[in-house]
Amino acid sequence: MARSALTREEVVEAAAALVKRHGPDALTMRRLAAELDTAVTSIYWHVGNRESLLDALVERTVDDLAAITPRGGTPATRIVSVARALRRELRDRPHLVAMVHERGLTERMFLPAQRALAHEVHAAGLRGARAAEVVRAVQFQVVGYVLVERNRERGPVQSPGEETLWDAEQPGPDPALARALARPVDTDRLFTTSVRALVDGLLGTAGGPPEPTDGATR
């Protein structure tokens, strides 16, 4: 027996989960109705047609990325926390982010993160074009890093891979470097290291005491 009580939010939530797992092509009204154990007509009644549902998913994704909250004791640390949270959100919902982009709402989606970054850049004492440069540099670093990660994950298996190639290297002037490059890359650590170096350089805070990176960033 089909369920009778259903809300628009439940429909959008289920649709978002379906797209996150299988991509937008998997989202049909019939499949969504089956996921929710309801009639197809009920889906249409709550969200309209498929295009209206896709619009609702885009709006939801934009709203989700607006919830990023800076964490940390200094402007530099809070900027890094925003970058880490933004990367996590982008990686967590690639299909939904792609839908936002296809509808020409990418800039709107990034606006809350830009505002959070601008607030921390102002707290660090920068204004005007210099402040804008920092905001954009951090945003581009996050987006570029995520794109590289996605390409590495979706690309063909490399044979030999980086680890094998460096493991086979003859000991040179820096054997520790070869050993390190022969190990799998820690993408989380590398991201934090690269963003912190970028932020320290842009804010002129390089050489200061390191801030902890553990804990929630939202």
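Our subject is the structure that appears above.
Residues numbered from 1 in each chain as written. Predicted model: local features only at pLDDT ≥ 70, side-chain atom pairs only at ≥ 80, totals over all residues. Heavy atoms only, no water.

A short note on the environment of Asn49
Relative to the assigned elements, Asn49 resides in the loop between α3 (40-47) and α4 (50-65). Owing to a relative accessible area of 42%, Asn49 belongs among the partly exposed residues under this scheme. Between the C-alpha atoms of Asn49 and Met29, which are 20 residues apart in sequence, the distance is 8.2 Å. A distance of 2.8 Å separates a polar atom in the side chain of Asn49 from the backbone nitrogen of Ser52. (Helix = DSSP H or I, 4+ residues; strand = E, 2+ residues; numbered from the N terminus. Buried < 20%, exposed > 50% of the residue type's maximum accessible area, 1.4 Å probe, protein only. Polar contact = N/O pair within 3.5 Å; in protein donor to acceptor, adjacent residues only side chain to side chain.)

Side note on the packing of helix α7 (residues 106-123) against helix α8 (residues 128-154)
Put simply, α7 and α8 touch, their axes get as near as 9 Å, and they point 130 degrees apart. Judged by the angle between their axes, α7 and α8 are oblique. Where α7 crosses over α8, the two elements pack in a sense that is right-handed. Contact with α7, carried on its side by Phe110, Gln114, Leu117, Ala118, Val121 and His122, involves Ala131, Val134, Val135, Val138, Gln139 and Val143 of α8 and no other residues of that element. (Axes fitted to C-alpha atoms, helices over the stretch in contact; angles between N-to-C directions. Parallel < 35°, antiparallel > 145°, perpendicular 65-115°, else oblique. Left-handed = near helix turned anticlockwise from the far one by under 90°. Contact = heavy atoms within 4.5 Å.)

Points about the packing of aromatic side chains
The final tally for this structure, using the stated rule, is one aromatic pair. Here the guanidinium or amino end of Arg87 rests over the ring plane of Phe191, the centre of that ring lying 5.0 Å away. (Phe/Tyr/Trp six-rings, centres within 6.5 Å; stacked < 30°, edge-to-face > 60°. Lys NZ or Arg CZ within 6 Å of the ring centre and 35° of its normal.)

Description of the packing of helix α1 (residues 8-22) against helix α6 (residues 94-102)
Relative to each other, α1 and α6 sit at 105 degrees, their axes nearing to 7 Å. Relative to α6, the element α1 is oriented roughly perpendicular. Across from Ala16, Val19, Lys20 and His22 in α1, the residues of α6 making contact are His95, Leu96 and Met99. Among the residues forming the contact of α1 with α6, the class breakdown is four nonpolar, two polar and one charged. (Nonpolar A, V, L, I, M, F, W, Y, C, P; charged D, E, K, R; others polar.)

All we've got here are geometric facts, nothing functional implied.
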